[in-house]
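As a plain string of letters, each chain reads:
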Amino acid sequence: MLILGGTAEAREIAELLASQPYLRPVYSLAGRTSSPRLPKLPPDQLRRGGFGGAQALASYLINHRVAAVLDATHPFAAQISFHAASAAAQANIPIARFARPAWTPAPGHPWLCVADVDGAIDALCASDARAARVLLTHGTKQIDGFARCRGQRLWLRAVDRPVSALPPNMQLILDRGPFDLEAETRLMRDLAIDTLVTKNSGGDRGATKLRAANALGVQVIMVERPSLPAPSIQIDSVQSALAWALSLTAKPTVQPPVA
Ligand code: NAP
């Protein structure tokens with residue numbers, strides 16, 4: 001089974017499947033961070049880097065006799081999900097997608113939802129935005145546009161330094177989660193943050209920043225998930241991924257001959 005990874009849950013699933021007889025997961029990752037976390041698998045069950053497009057991924061599936069694909073990439077990694085869906089169809093093998101349930105706002109704490117990072121920048125620049133001190137946790141892509149937010153001080157939290165230079169109004173906090181509620185609360189309080197810009201990655205690990213924002217009355221600008229291909233099989237827990245994988249290994253039952 002090819003597991004397209006890049007999330008904590010993908011690593012958990014890979015390790016769980018590797019512990020089962022009859023299953024041989026291969027975990028694939030392409031770089032977002034310079035030192036990504038990898039599942040504990042033998043080196044020949046780990047691969048790094050892109051395949052070279054959907055057609056090349058289909059060839060990989062066929063040439064390596066992959067039996068099934070589990071797309072457990074980050075919900076904002078849209079391109080690889082489209083490639084995986086197309087490649088699995090070409091190779092005529094099953095595919096499932098693991099997606100963390102999206103976050104929803106707590107009652108009484110509505111978010112300002114935007115379609116993309118540009119939408120978040122527009123919202124910050126709007127004349128009625130009550131945003132002066134902003135924490136950004138949406139990743140390091142598309143940071144140039146924040147130079148437009150001249151009325152705000154911005155802190156970008158990221159695992160790695162962005163490739164492009166920081167706009168003059170932005171400072172970098174290099175740190176890697178997960179962060180507990182206390183740490184998130186302290187950070188927002190120490191910096192007197194009034195606005196959090198984040199993307200709807202979902203999952204428990206990243207939700208503490210939303211709880212801290214709620215408790216401190218920090219407004220939330222939420223970048224919504226991109227649309228992805230609709231998979232025939234959708235999985236939202238590590239255990240369901242195991243159940244799906246095991247169902248593929250189940251031997252067909254032999255029916256007794258009709259008398
Ligand atoms: P993307 O835009 O959907 O994909 C860009 C290209 O990267 C794909 O076309 C593919 O290259 C390659 N790729 C992506 N994921 C791959 C994987 N698991 N194995 C092999 N190749 C892969 O992806 P992205 O947003 O740059 O994310 C890259 C990786 O970081 C993913 O594994 C994702 O799960 C992880 N990640 C992403 C985010 C995010 O916010 N986007 C956050 C955390 C982690 P080819 O076309 O050459 O095959």
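Residues numbered from 1 in each chain as written. Predicted model: local features only at pLDDT ≥ 70, side-chain atom pairs only at ≥ 80, totals over all residues. Heavy atoms only, no water.

Colleague: Account for the site of the ligand, with residues named and values stated.
Modeller: For the ligand, the set of nearby residues contains 23 residues, the closest of which are G5, S28, F51, G52 and K199. Contacts to the ligand include H83, whose side-chain N or O atom sits 3.3 Å from an oxygen atom. Burial of the ligand by the protein amounts to 83% of the accessible area it has alone, namely 810 Å². Where the shell around the ligand is concerned, the elements lending two or more residues are β2 (26-29) and α3 (78-91). A total of 4 residues in the shell around the ligand trace back to one element, the largest contributor, which is α3. A class-by-class count of the residues in the shell around the ligand yields 8 nonpolar, 11 polar and 4 charged. (Near = heavy atom within 4 Å. Polar contact = N/O pair within 3.5 Å; in protein donor to acceptor, adjacent residues only side chain to side chain. Areas by Shrake-Rupley, 256 points an atom, 1.4 Å probe, with all protein chains shown as cover. Helix = DSSP H or I, 4+ residues; strand = E, 2+ residues; numbered from the N terminus. Nonpolar A, V, L, I, M, F, W, Y, C, P; charged D, E, K, R; others polar.)

Colleague: Go over the pattern of salt bridges, please, and point to the residues and values.
Modeller: Under the criterion given, the structure shown has 7 salt bridges. The partner of E9 in a salt bridge is R205, with the nearest N and O atoms 3.8 Å apart. Taken as a pair, E9 in helix α1 (residues 8-18) and R205 in the loop between β10 (195-199) and α6 (208-216) lie far apart in primary sequence, 196 residues in all. Taking the relative accessible area as the measure of exposure, E9 reaches 9% and is therefore buried. Note on R205: relative accessible area 39%, which makes it partly exposed. Among the salt bridges present, the one from R157 reaches E184, with a minimum N-O distance of 2.7 Å. Pair noted here: R157 is in strand β8 (residues 153-158) and E184 is in helix α5 (residues 181-190), with a separation of 27 residues, a long-range link. A network of salt bridges, in which partner residues are shared, links E9, E12, R100 and R205. (Salt bridge = Lys/Arg side-chain N within 4 Å of Asp/Glu carboxyl O. Buried < 20%, exposed > 50% of the residue type's maximum accessible area, 1.4 Å probe, protein only.)

Colleague: How would you explain unusual backbone geometry if you had to name every residue and give the values?
Modeller: Following G177, the chain continues into P178 via a peptide bond in cis, with omega recorded as 0°. Its place among the elements puts P178 in the loop between β9 (170-174) and α5. Within the chain, Y22 stands out as a residue other than glycine whose phi angle is a positive 75°. Residue position: Y22 is located in the loop between α1 and β2. One non-glycine residue, R65, lies in positive phi territory at about 50°. With respect to the helices, strands and loops of the structure, R65 is situated in the loop between α2 (54-63) and β4 (69-71).

Colleague: With reference to specific residues and values, describe the packing of aromatic side chains.
Modeller: Applying the stated criterion to the full structure yields 1 aromatic pair. One residue, R47, lies across the ring of F51, its end atom 3.8 Å from the ring centre. One residue, R47, lies across the ring of Y60, its end atom 5.5 Å from the ring centre. (Phe/Tyr/Trp six-rings, centres within 6.5 Å; stacked < 30°, edge-to-face > 60°. Lys NZ or Arg CZ within 6 Å of the ring centre and 35° of its normal.)

Colleague: Quick one: what's the story with the side chain of Q45, residue by residue and with numbers?
Modeller: Position of Q45 relative to the elements: it lies in the loop between β2 and β3 (46-48). In contact with Q45, other than residues within four places in its own chain, are R24, P25, V26 and Y27. (Contact = heavy atoms within 4.5 Å.)

Honestly, that's just the spatial picture; any functional story needs more than this.
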